[in-house]
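Structural features, examined
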Amino acid sequence: MENKLSRFKAREQGFILIFEKIFNEEPIETIIENAEESREVQFDSYAKELAGGVYDNLDSIDEIISAHLKKGWSIKRISKPSLAVLRLAIYEMKYVDNVPDGVAINEAVELSKKYSINESKFVNGVLGAVSRE
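An account of the accompanying structure is given in this report. Just so it is clear, the model here is predicted, and its values are computed rather than measured. (Residues numbered from 1 in each chain as written. Predicted model: local features only at pLDDT ≥ 70, side-chain atom pairs only at ≥ 80, totals over all residues. Heavy atoms only, no water.)

**Overview of the packing of aromatic side chains**
For any pair of aromatic rings, geometry is given as the distance between the ring centres together with the angle between the planes. Tallied over the full model, the rule gives 5 aromatic pairs. Considering the side-chain rings of F19 and F23, the 5.2 Å spacing of their centres and the 70° angle between planes classify their relative orientation as edge-to-face. In this structure F19 comes out as partly exposed when scored by relative accessible area, which is 27%. In this structure an aromatic cluster arises from ring pairing among F15, F19, F23 and Y115. For the cation-ring pair, R7 lies above Y46, with the distance from its terminal atom to the ring centre recorded as 3.8 Å. Here the basic side chain of K21 rests over the ring of Y55, its NZ or CZ set 5.5 Å away from the ring centre. (Phe/Tyr/Trp six-rings, centres within 6.5 Å; stacked < 30°, edge-to-face > 60°. Buried < 20%, exposed > 50% of the residue type's maximum accessible area, 1.4 Å probe, protein only. Lys NZ or Arg CZ within 6 Å of the ring centre and 35° of its normal.)

**Focus: the environment of L111**
Along the chain, L111 turns up in helix 6 (residues 101-115). With a relative accessible area of 1%, L111 lands in the buried category. Once the C-alpha coordinates of L111 and V123 are considered, the two residues, 12 residues apart in sequence, prove to be 9.9 Å apart. (Helix = DSSP H or I, 4+ residues; strand = E, 2+ residues; numbered from the N terminus.)

**Description of helix 2 (residues 28-38)**
Since there are 3.6 residues in each turn of an α-helix, residues three or four apart along the chain are aligned in direction. Burial in helix 2 covers these residues: I28, I31, I32, A35 and E36. Down the axis of helix 2, the buried set is contained in an arc of 125°. They therefore lie on one face. Those residues of helix 2 that are exposed and aimed more than 90 degrees away from the buried face are E37 and S38. Packed against the buried residues of helix 2 are helix 1 (7-22) and helix 3 (45-56). Directly beyond the C-terminal end of helix 2, a positive phi value near 50° is found at E40. (Arc of directions from axis to C-beta. Contact = heavy atoms within 4.5 Å.)

**Observations concerning the environment of D101**
Turning to its location among the elements, D101 is positioned in helix 6. Residue contacts for D101: discarding those within four places in its chain leaves M93 and S131. Reaching out from D101, the side chain makes a polar contact with the side chain of S131 at a distance of 3.2 Å. (Polar contact = N/O pair within 3.5 Å; in protein donor to acceptor, adjacent residues only side chain to side chain.)

**A look at the side chain of E92**
Among the structural elements, E92 can be located in helix 5 (residues 80-95). Leave out the neighbours within four places in its chain, and E92 touches R11, Y46, L50, V99 and A104.

Written as structure tokens, this is what we have:
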């Protein structure tokens with residue numbers, strides 16, 4: 001049975017999958033299957049779309065992030081939660097037609113406030129620069 005969540009909750013599930021994939025070499029589909037089995041959680045279809053879309057377009061998304069970091073910074077220097085949030089938001093901004101940039105940025109900042117320690121301004125700054133491009 002399909003689990004229909006609010007867009008924010010679906011994004012949060014997508015974020016968790018994207019975050020988990022940072023540490024796991026398995027394909028995203030396997031991570032989803034294993035999580036649904038072991039945690040008895042049902043992922044929203046939008047969460048699955050976000051996670052799959054991020055990893056289908058990871059190189060271009062990471063290039064966008066890298067291009068908007070301050071001089072001397074690299075992706076390796078970004079905390080893993082912030083990196084997952086940035087990847088999710090940039091995927092929505094660049095590849096999902098029905099999500100306005102402002103919504104993607106606001107939701108990313110909210111996720112960042114919840115999962116990253118004092119990095120919401122950093123996330124907002126990078127995404128704002130991407131949006132103005």
